[in-house]
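# Structural features, examined
Spelled out, the chains give:
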Amino acid sequence: MYAITGATGNTGSVIAAKLLGRGEKVRVIGRHANRLEGFVEKGAEAFVADLTDAAALTRAFAGAKSVYAMIPPSPSAPDVRAYQERVSDALAAAIQGAGVGHAVVLSSVGADKPDKTGPVVGLHNLEQKLNSIAGLNALYVRAGYFMENLLPQIAVIQNFGLLGGPLRADLPVAMIATLDIGDWAAEKLLGLGFIGKQARELLGQRDLNYHEVASVIGRAISRPTLAYTQLLPQLIKAGLVQSGMSSSMADLILEMSEALNSGYMAPLEPRSAQNTTNTSIETFVAQEFVPRFTGKAAEG
Ligand SMILES: NC(=O)c1ccc[n+]([C@@H]2O[C@H](COP(=O)([O-])OP(=O)(O)OC[C@H]3O[C@@H](n4cnc5c(N)ncnc54)[C@H](OP(=O)(O)O)[C@@H]3O)[C@@H](O)[C@H]2O)c1
């Protein structure tokens, strides 16, 4: 049996669906039974647990041959780093307590660094905590920048007619669709071919800068002059807080952006067939961005 945390989310839902499609026994973990129903209809067992609750998580992992472990984002938490530590403590305690043999763990490019990478510090610490569990085989998926990070730009385009953010416009970024991460992680769970503790980067289809992203989106939404502007940190923070993010999360995003802009946070592996995945920005924009953009436009 495979236990999947974050099963209703971007990566977890892809993994759960793929394992169920292969006829595997799957336990899907989330906070609300109703959100897990779709998987139950396909044969999964639902387990309601909060990932900060080590005792519940230990029960959720009991009997699992392997686990997909991740720290869900909590963008409105008053202290996001403290929340991440609570989740990683609970994950480590549950993996150890339930005697889990194999774990595929969602991490990030930059998780090699112990500090100054914003939310990625929490993923570094998760890796460290799992490293101390003897007998655990763990595969850390150090994924690039999610293409899903582009979706909040829909509101920015609709309100200001541009793309805006903290990253340098010419900074090459390894951007990946979460579908690709889920697919890859599911294959690793099915194969169970990893031994000891290993980190592997996943860098998406190609590196992209925000100039290129703006031109792909602009073409797809028939605004060929759409451009990206790097915005001042104070402006970004105000916008993020106004959209419901805690001040703590906004500060972490700005710290991570600085780490990306300076090159401190960057892939360690050269791009290769092993760390390159299929979904291009053009496909992501056509399949995920444009329908939401059009939907929002119709609403407004
Ligand atoms: N954004 C990036 O560029 C990037 C890059 C590399 C790595 N990452 C990392 O990727 C992770 C996010 O992955 P994702 O996008 O797959 O996640 P996600 O879709 O944002 O969330 C996964 C699921 O977690 C569940 N959840 C939320 N809080 C929970 C809690 N306290 N207890 C139990 N379940 C909870 C939610 O489901 P329910 O509501 O059903 O409970 C949610 O659907 C983060 O650790 C992030 O740091 C992000």
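Rules used throughout
- Residues numbered from 1 in each chain as written.
- Predicted model: local features only at pLDDT ≥ 70, side-chain atom pairs only at ≥ 80, totals over all residues.
- Heavy atoms only, no water.
- Helix = DSSP H or I, 4+ residues; strand = E, 2+ residues; numbered from the N terminus.
- Buried < 20%, exposed > 50% of the residue type's maximum accessible area, 1.4 Å probe, protein only.
- Near = heavy atom within 4 Å.
- Polar contact = N/O pair within 3.5 Å; in protein donor to acceptor, adjacent residues only side chain to side chain.
- Areas by Shrake-Rupley, 256 points an atom, 1.4 Å probe, with all protein chains shown as cover.
- Nonpolar A, V, L, I, M, F, W, Y, C, P; charged D, E, K, R; others polar.
- Phe/Tyr/Trp six-rings, centres within 6.5 Å; stacked < 30°, edge-to-face > 60°.
- Lys NZ or Arg CZ within 6 Å of the ring centre and 35° of its normal.

This brings us to unusual backbone geometry. The phi torsion of most residues other than glycine is negative, and most of the peptide bonds are trans. Here Lys 116, not a glycine, exhibits a phi torsion of approximately 65 degrees, which is positive. Counting through the fold element by element, Lys 116 comes out in the loop between strand S5 (102-108) and helix H5 (120-131). For Lys 116, a relative accessible area of 54% gives the class exposed. In the Ramachandran plot, Ser 222 falls in the positive-phi region, its phi being about 60 degrees despite a non-glycine side chain. Within the secondary structure layout, Ser 222 lies in the loop between helix H8 (210-220) and strand S12 (228-230). By relative accessible area, which is 62% here, Ser 222 ends up exposed.

Neighbouring residues of the ligand: 25 residues in total, closest Thr 8, Thr 11, Arg 31, Arg 35 and Ile 71. The side chain of Asn 149 places a nitrogen or oxygen atom 2.8 Å from an oxygen atom of the ligand. Protein coverage of the free-state accessible area of the ligand, which is 950 Å², stands at 85%. Where the shell around the ligand is concerned, the elements lending two or more residues are helix H1 (10-21), S5 and strand S7 (145-146). Broken down by element, the shell around the ligand gets its largest block of residues, 3 residues, from S5. When the residues that make up the shell around the ligand are grouped by side-chain class, the tally is 11 nonpolar, 11 polar and 3 charged.

Once that is clear, we can look at the packing of aromatic side chains. Scanning the model with the defined rule gives 3 aromatic pairs in all. Taken together, a centroid distance of 6.4 Å and an interplanar angle of 90 degrees make the contact between Tyr 145 and Tyr 210 edge-to-face. Of this pair, Tyr 145 sits in strand S7 while Tyr 210 sits in helix H8, and the two are 65 residues apart along the sequence. Classification of Tyr 145 by relative accessible area gives buried; the value is 16%. Residues Tyr 210 and Tyr 228 carry aromatic rings whose centres are separated by 4.4 Å and whose planes lie at 25 degrees to one another, so their mutual orientation is stacked. Note that Tyr 210 is positioned in helix H8 and Tyr 228 in strand S12, a separation of 18 residues in sequence. Taken as a pair, Tyr 210 and Tyr 228 share a single burial class, namely buried. Over the ring of Tyr 264 we find Lys 113; its NZ or CZ atom is 5.3 Å from the centre of that ring.

Read these as spatial facts, not as claims about activity.
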